[in-house]
Amino acid sequence: MNGEDTRSKPLSRKDFLRYMALVAGGTVTLGQYLACAGKTDRYAHITGKINGASAAVGHRLREGGFPEPVVVGHTNTVIAGSGVAGLTAARKLRQHNIPFKVLELEPRVGGNAGWGENNYSPYPLGAHYLPLPNLDNKPLLALLEEAGILTGYDPAGVPVYNETDLCFDPEERLFIHNRWQEGLVPQLGISGATAAEIRRFLAEMEHLRWAKGVDQRFAFDIPVAFSSTDPQFTALDQLTMKAWMQQRGYVSEELTWYIDYCCRDDYGAAADVVSAWAGIHYFAGRKGRAANAESSQVLTWPQGNGRLIQHLLQFSEDALLSNSLVYRVTPVGDKVHVDYFDVKEHRTKRIIADHCILAIPRFVAHRLLPDMAPASGFVYSPWLVANVTLDEVPSSSGYPLSWDNVVYKGRSLGYVNAQQQTLSAVAPQKRVITWYLPLDHLEPVASRQYALALDHAHWVKLITDELEVAHRGIHRLIRQIDIQVWGHGMIRPYPGFISGHALKETLQSSCPNIFTAHADLSGVSIFEEAFYHGNKAAEAVLARC
């Protein structure tokens, strides 16, 4: 459930193929996979590779056996992890002239907000957009202004955003009934009763967006910590989103699919797994506004949220030690000994610090600091992200190629056009699209194990075959598919987690100079939550300096 062993294990050919048929969601049968397993001609021209978190190095945490460190350094604060939370904490410390070091296992920074690039375009390796921030989220608005994304405020105090950072039109489309419609909420071919049900649901979400509890806090807010603690709302965390939908009479096939899509998009699991509080928060938590855009608008870039990581990195690039596996954190008097394995030099090293910020997933943090409460109850959704380079995206009936392109009842969440924000008037030589698949067809542990064992050829087949649903013949145009497997992609807010004891216990530390910072701590894996916890941890350090 949390720190389980997911190292690649030998799989039989039959298991291999059965798993692929399962991931495909019934679009093909096991027999069809068996029949075509050896026929690779259709895909033989497609190159690429599988990337992923450095699992082999990370698994050394379980094995242990590190020799005593031979090199000693000193600093005020060590930050373990260079994702959004870690780099956010580093930014605040730099702004207050506090010395620090950032230790990162991977060769590159960013975590789930990381990015890559090829000869044709940058592209996201995970998170690819930021909705307009809520107006009371002043620290995030200040970050965007600092980065030149927010350019000012109108006379009413509403933010004005750089037009090139706002998602260009066309924004979203859905492939349904063999053609593309505008927007992701099903409209094409639905009944009058379904249309009325969808309108009722969206109206209820709008009501809940502005609802407040007896404590005068919004029922659903971002950061999550600012949300109301009124029991009439927190009780929603005790049932699934699907159960709540049924209680409210939301039963149409099209709306049910859309809610499943939204839950899988933010949480990596469907509405029958995710809590109703989290499911509603997807719609009601965001209250952003812009003077020059609709409130539903998003900020996005070719490299996805890598754009934000690139800005944050400037505050810590000179203090970053990549390829560094932190394997032990030990409080010693008023100091903290942070021991790490230098992957490049194959040496163990120690930094003695006044403070330590663990900006890493909870199940990893517990392995480094055994006195910390165990990560029981933390469930992580595995994901696969594929960046597909092709000659062009074939046109098909209906609405044109958009930023976000989703297939109704598809197994994946569709694909994002990574080059949507490109300003060049010249068409790109090749098109790059980013395809997202939450691996929620099995329990997380099993899905993680199988996903990490599959080879590139099998993923190519699955990805290509699903793209063929809306783009017949697209396999001939695909040149390369680079795959990123996230074994622990995001925290999963199942019923009782966000309001439960497991999460509350993690917010308490028995070590006064060791702090945690990660989106896990909110139960919602979005940029805003990681940013909040990164700032919170840095402020705790500053309070002691």
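Source: prediction; values computed, not measured.

Calculation rules
- Residues numbered from 1 in each chain as written.
- Predicted model: local features only at pLDDT ≥ 70, side-chain atom pairs only at ≥ 80, totals over all residues.
- Heavy atoms only, no water.
- Axes fitted to C-alpha atoms, helices over the stretch in contact; angles between N-to-C directions.
- Helix = DSSP H or I, 4+ residues; strand = E, 2+ residues; numbered from the N terminus.
- Parallel < 35°, antiparallel > 145°, perpendicular 65-115°, else oblique.
- Contact = heavy atoms within 4.5 Å.
- Nonpolar A, V, L, I, M, F, W, Y, C, P; charged D, E, K, R; others polar.
- Phe/Tyr/Trp six-rings, centres within 6.5 Å; stacked < 30°, edge-to-face > 60°.
- Buried < 20%, exposed > 50% of the residue type's maximum accessible area, 1.4 Å probe, protein only.
- Lys NZ or Arg CZ within 6 Å of the ring centre and 35° of its normal.
- Salt bridge = Lys/Arg side-chain N within 4 Å of Asp/Glu carboxyl O.
- Disulfide = S-S within 2.5 Å.
- Core = buried A, V, L, I, M, F, W, Y, C linked by side-chain atoms within 4.5 Å.
- Pairing = 2+ DSSP bridges.
- pLDDT = per-residue confidence, 0-100.
- Arc of directions from axis to C-beta.

Moving on, we get to the packing of helix 10 (residues 253-267) against helix 11 (residues 276-284). The geometry of helix 10 relative to helix 11 is characterised by a closest axis approach of 10 Å and an angle of 90° between their N-to-C directions. Classified by the angle between their axes, helix 10 and helix 11 sit roughly perpendicular to one another. Taken together, the residues of helix 11 that come into contact with helix 10 (itself represented by Tyr258, Ile259, Cys262, Cys263, Asp265, Asp266 and Tyr267) are Ala278, Gly279, His281, Tyr282 and Phe283. Considered class by class, the residues forming the contact of helix 10 with helix 11 number 8 nonpolar, 2 polar and 2 charged.

Considering all chains together, one arrives at 20 aromatic pairs under this definition. Consider the rings of Trp244 and Tyr250, whose centres lie 6.0 Å apart with planes at 35°: the pair is tilted. The exposure classification of Trp244 matches that of Tyr250, with both residues buried. Where Phe527 meets Phe531, the ring centres are 6.1 Å apart and the plane angle is 15°; that geometry is what we call stacked. Pair noted here: Phe527 and Phe531 are both in helix 17 (residues 527-544), with a separation of 4 residues, about one helical turn. Judged on exposure class, the residue Phe527 and its partner Phe531 are both buried. Among the aromatic side chains, those forming a connected cluster through ring pairs are Phe201, Trp244, Tyr250, Trp257, Tyr258, Tyr261, Tyr282, Phe283 and Tyr408. Sitting above the plane of the Trp180 ring, Arg173 keeps its charged end 3.7 Å from the centroid.

Let us now look at the pattern of salt bridges. Evaluation of the coordinates by the stated rule reveals 21 salt bridges. The shortest N-O distance in the salt bridge between Arg264 and Asp440 comes to 2.9 Å. Note that Arg264 is positioned in helix 10 and Asp440 in the loop between strand 19 (431-438) and helix 14 (444-453), a separation of 176 residues in sequence. Judged on exposure class, the residue Arg264 and its partner Asp440 are both buried. Lys349 is the salt-bridge partner of Glu345, the closest N and O atoms lying 3.1 Å from each other. According to the relative accessible area criterion, Lys349 is buried, its value standing at 12%.

Right, let's talk about unusual backbone geometry for a bit. Here the bond from Asp169 into Pro170 is cis, since omega is -10°, no more than 30 degrees from zero. Within the fold, Pro170 resides in the loop between strand 8 (159-161) and strand 9 (172-176). In this structure, Pro223 follows Ile222 across a cis peptide bond, with omega equal to 0°. Inspection of the secondary structure assignment puts Pro223 in the loop between helix 7 (192-210) and helix 8 (231-234). Here the phi dihedral of Asn323 falls at roughly 55°; this positive angle occurs in a residue that is not glycine. The residue Asn323 is located in the loop between strand 12 (320-321) and strand 13 (324-332) in this model. Taking relative accessible area as the criterion, Asn323 reaches 11% and is therefore assigned buried. Notably, Lys409 is not glycine yet its phi reads approximately 65°, a positive angle. Within the secondary structure layout, Lys409 lies in the loop between strand 17 (404-407) and strand 18 (415-417).

Here the focus is the state of the cysteines. What we call a disulfide is simply a covalent bond connecting the sulfur atoms of a pair of cysteines. Within this structure, the stated rule accounts for 0 disulfides. Between Cys263, a cysteine without a disulfide, and Cys262, which holds the nearest cysteine sulfur, the sulfur-to-sulfur distance is 7.0 Å. Here Cys511 is not disulfide-linked; the sulfur of Cys356 is the nearest cysteine sulfur, at 9.7 Å.

As a further point, take the nonpolar core. Counting residues in each nonpolar core, the largest one holds 83 residues, and the members touching the most others are Phe201, Met241, Trp244, Ile259 and Leu358. Those residues in contact with Leu358 that lie beyond four places of it in its chain are Ala80, Val329, Ala365, Leu368, Met372, Ile514, Phe515, Thr516 and Ala517. Core analysis: the next-biggest nonpolar cluster, separate from the first, contains 44 residues, Leu87, Ala293, Leu299 and Phe527 among them.

Time to look at the pairing of strand 13. Looking at chain direction, strand 13 and strand 14 (residues 335-342) are connected through 8 bridges and run antiparallel. Among the inter-strand pairings, Pro331 is bridged to a residue of strand 14, identified as Val336. If you look at the hairpin formed by strand 13 and strand 14, you'll find 2 residues sitting between the two strands, and Gly333 has a positive phi there, around 60°.

Averaged over the chain, the pLDDT score is 91; the fraction of residues at 70 or greater is 90%. Scored below 50 in pLDDT, residues 1-9 makes 31 contacts in the model with residues more than four places away or belonging to other chains.

Relative to strand 8, strand 7 (residues 150-153) runs antiparallel, the two being bridged by 3 bridges. Bridge pairing links Gly152 to Val160 in strand 8. From the end of strand 7 to the start of strand 8, which pair antiparallel, there are 5 residues, and Gly157 there has a positive phi angle of about 85°.

All of the buried residues along helix 6 (residues 138-146) are Leu140, Leu141, Leu143 and Leu144. Summarising the axial view, the buried residues of helix 6 lie within an arc of 155°, below the 170-degree limit, and thus occupy one face. Taken from the residues just after helix 6, Gly148 is the one with a positive phi, measuring 80°.

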